Amino acid sequence: QVQLVESGGGLVQPGGSLRLSCAASGSILSIHAMGWYRQAPGKQRELVASINTGGSTNYADSVKGRFTISTNSGKNTVYLQMNSLKPEDTAGYYCNARGLTTTKGPFASWGQGTQVTVSS
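This is a predicted model, so every value here is computed, not measured. (Residues numbered from 1 in each chain as written. Predicted model: local features only at pLDDT ≥ 70, side-chain atom pairs only at ≥ 80, totals over all residues. Heavy atoms only, no water.)

A. Layout of the overall build of the chain. Within the chain, the regular secondary structure consists of zero helices and eleven strands. Computed over C-alpha atoms, the radius of gyration of the chain comes to 14 Å, within 12% of the 14 Å expected from 2.2 N^0.38 for 120 residues, which places it in the range of a compact globule. For the chain, the spread of C-alpha atoms along the three principal axes comes to 50 × 25 × 20 Å. Expressed as a percentage of its 120 residues, the buried residues of the chain come to 40%. Long-range pairs, those at least 24 residues apart, make up 55% of the contacts in the chain between residues at least 6 apart in sequence. Here the chain has roughly 6,200 Å² of accessible surface; of this, 47% comes from carbon and sulfur atoms. Once the 10 positive and 5 negative side-chain charges of the chain are each reduced to a mean point, those two points are 8 Å apart. (Helix = DSSP H or I, 4+ residues; strand = E, 2+ residues; numbered from the N terminus. Rg over C-alpha atoms; globule rule 2.2 N^0.38 Å. Buried < 20%, exposed > 50% of the residue type's maximum accessible area, 1.4 Å probe, protein only. Contact = heavy atoms within 4.5 Å. Areas by Shrake-Rupley, 256 points an atom, 1.4 Å probe, with all protein chains shown as cover. Lys, Arg positive; Asp, Glu negative; His and termini not counted. Charge placed at Lys NZ, Arg CZ, Asp CG, Glu CD.)

Shown next, in the form of structure tokens:
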């Protein structure tokens, strides 16, 4: 079993910043990639940013230059630094991780989500 626990969401004014965190725990042998997705009401879930074990990152065009994804030294926690937030960034943000369990089976897990609301 692999668990992902997110934190850091909240209400922020336009132009403000938030930092999301997601910690992975459980029967993890290795994590190959972690990422953040978001889903606004009535819309499909979309990739915001991802990072792999080599440190390569990928961002949605809508957040390039404003959001930064990173991991801790142990690579079991992923962060999303969000700057210059806009009302259209309002959504539930979900952490995703994929890799191998200690029993050598693959996993792809989701966190429970954290709400980000950008409003004045």
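Let us keep going from here.
B. Looking closely at the state of the cysteines. In the structure shown here, the tally under the stated rule is one disulfide. Disulfide pairing places cysteine 22 opposite cysteine 95 at an S-S distance of 2.1 Å. What sets the handedness of the cysteine 22 and cysteine 95 disulfide is the S-S torsion sign, and at about -80° it is left-handed. In this pair, cysteine 22 sits in strand β3 (residues 18–26) while cysteine 95 sits in strand β9 (residues 91–101), placing the two residues 73 residues apart along the sequence. Under the relative-accessibility criterion, cysteine 95 is labelled buried at 0%. (Disulfide = S-S within 2.5 Å.)

C. Quick peek at the sheet that holds strand β8 (residues 77–82). Pairing is antiparallel across the open sheet formed by four strands, whose spatial order is β1-β3-β8-β7. In this open sheet, the two strands that pair with only one neighbour each are β1 (2–7) and β7 (67–71). This sheet shows a mean twist of 15° between the axes of neighbouring strands, independent of strand direction. Strand direction decides the pairing type here: β7 and β8, joined by five bridges, are antiparallel. The residue of β8 that forms the bridge with threonine 71 is valine 78. (Pairing = 2+ DSSP bridges. Axes fitted to C-alpha atoms, helices over the stretch in contact; angles between N-to-C directions.)

D. Structural view of the nonpolar core. Trp36, Leu80, Met82 and Tyr93 are the most contacted members of the largest nonpolar core, which totals 30 residues. Secondary-structure elements contributing two or more residues to this core are β1, β3, β4 (28–39), β5 (46–52), β7, β8, β9 and β11 (114–118). Setting aside its immediate chain neighbours within four residues, tyrosine 93 contacts Glu6, Leu20, Trp36, Tyr37, Arg38, Val48, Phe67, Leu80, Met82, Gly113, Thr114 and Val116. (Core = buried A, V, L, I, M, F, W, Y, C linked by side-chain atoms within 4.5 Å.)

E. A look at the pairing of β8. Of all six residues making up β8, five are buried, and the element is well covered by its neighbours. Turn length for the β7-β8 hairpin, with the two strands adjacent in sequence and antiparallel, is five residues, and the turn residue lysine 75 shows positive phi of about 60°.

F. Up close: the pattern of salt bridges. What the rule picks out here adds up to four salt bridges. Two residues, arginine 38 and aspartate 89, come together in a salt bridge whose shortest N-O distance is 2.9 Å. One end of the pair, arginine 38, is in strand β4; the other, aspartate 89, is in the loop between β8 and β9, and 51 residues separate them in sequence. With a relative accessible area of 6%, arginine 38 lands in the buried category. We note a salt bridge from aspartate 61 to lysine 64, for which the minimum N-O separation is 3.1 Å. By sharing partners, the salt bridges in this structure join Arg38, Glu46, Arg66 and Asp89 into a single network. (Salt bridge = Lys/Arg side-chain N within 4 Å of Asp/Glu carboxyl O.)

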